[in-house]
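Coordinate analysis (summary)
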Amino acid sequence: NRLSQSKDLLATKVAIASQLKIENFSIVALNDRGKERQSPFRARQIAQLKVEFNIAENNVAPVEGKKIMIRIIDENGQVLFDVARGSGTFLLNGKEEFYTASQEILFDNTKQRLSFLYDKGSEFADGSYTLEVYADDYIMGRGEFVVK
């Protein structure tokens, strides 16, 4: 019985240790001509949001396919999503949540660089936004940007 409990505890620890994290996180706005700007952004200067980051090295995590999702959340806690632009839903702690964009990748533990381009559907309202990055059902990291 103790061996079984010990095995379950170890499996839980390995599952936690194999969660991926992000590093070198950046959020920039691209205008209509492709010029990049750092936060804070002016709403009229945002034609696309470009999110880039590296997946941190993790020797415990298996080499496998992963679905990486980003969520852009406004000040009111509303997730920006547009199903026509690739948004959808996923389960987070047993609750269905929206994501803004996603990519399917093969995690191979090489500190791979990911880049997301999000075309805005409508103007960004002024305020602070939180950008969260998820894999499976856990958060990998988060960042913030401001629209003036």
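Scroll up to find the structure.
Residues numbered from 1 in each chain as written. Predicted model: local features only at pLDDT ≥ 70, side-chain atom pairs only at ≥ 80, totals over all residues. Heavy atoms only, no water.

1. Overview of the overall build of the protein chain
The cut-off we apply is this: Secondary structure elements follow DSSP: runs of H or I of four or more residues count as helices, runs of E of two or more count as strands, with numbering from the N terminus. Throughout, exposure labels follow a simple rule: accessible area from a 1.4 Å probe, protein chains only, divided by the maximum for the residue type, with under 20% read as buried, over 50% as exposed, and the rest as partly exposed. Between two residues, a contact is recorded if the distance between any of their heavy atoms is within 4.5 Å. Charge convention: Lys and Arg are scored as positive, Asp and Glu as negative, and His as well as the terminal groups of each chain are ignored. Charge coordinates come from a single atom per side chain, which is NZ of Lys, CZ of Arg, CG of Asp or CD of Glu.
Helices and strands together make up the secondary structure of the protein chain, namely one helix and 10 strands. Going from the N terminus to the C terminus, the protein chain shows its helices and strands as α-β-β-β-β-β-β-β-β-β-β. Considering only C-alpha atoms, the protein chain reaches an extent of 65 × 30 × 25 Å along its principal axes. The buried share of the protein chain, taken over its 148 residues, is 40%. If you take every contact in the protein chain between residues at least 6 apart in sequence, the share linking residues at least 24 apart comes to 66%. Distance between charge centres in the protein chain, computed from 20 positive and 21 negative side chains, equals 4 Å.

2. Let's talk about the pattern of salt bridges
Put simply, the rule is: The term salt bridge refers to a pairing of a side-chain nitrogen on Lys or Arg with a carboxyl oxygen on Asp or Glu at a separation within 4 Å.
Under the counting rule described, the total for this entry stands at 11 salt bridges. Salt-bridge contacts for Glu23 lead to Lys111; the nearest nitrogen and oxygen are separated by 3.9 Å. Within this pair, whereas Glu23 is found in strand β1 (residues 22–30), its partner Lys111 is found in the loop between β7 (101–107) and β8 (113–119), the two being separated by 88 residues in sequence. The residue Arg85 makes a salt bridge to Asp82 at a minimum N-O spacing of 3.1 Å. Look at the salt bridges and you will find they share partners, linking Arg71, Lys95, Glu97, Glu132 and Arg142 into a network.

3. A few points about the sheet that holds β8
Counted only if it meets this: Paired strands, as defined in this entry, are two strands with at least two bridges between them according to DSSP. Only the stretch in contact is used when fitting a helix axis, every axis being a line fitted to C-alpha atoms; angles between N-to-C directions are given from 0 to 180 degrees.
Spatial strand order, β2-β1-β3-β8: four strands in an open sheet with antiparallel pairing. Each edge of the open sheet carries a strand with a single partner, namely β2 (36–38) and β8. The average angle at which neighbouring strand axes cross in this sheet is 30 degrees, direction not considered. Pairing of strand β3 (residues 48–55) with β8 involves seven bridges; the strand directions are antiparallel. Within β8, the residue paired with Phe53 across the bridge is Leu114.

Keep in mind that these numbers describe shape and distance, not what the molecule does.
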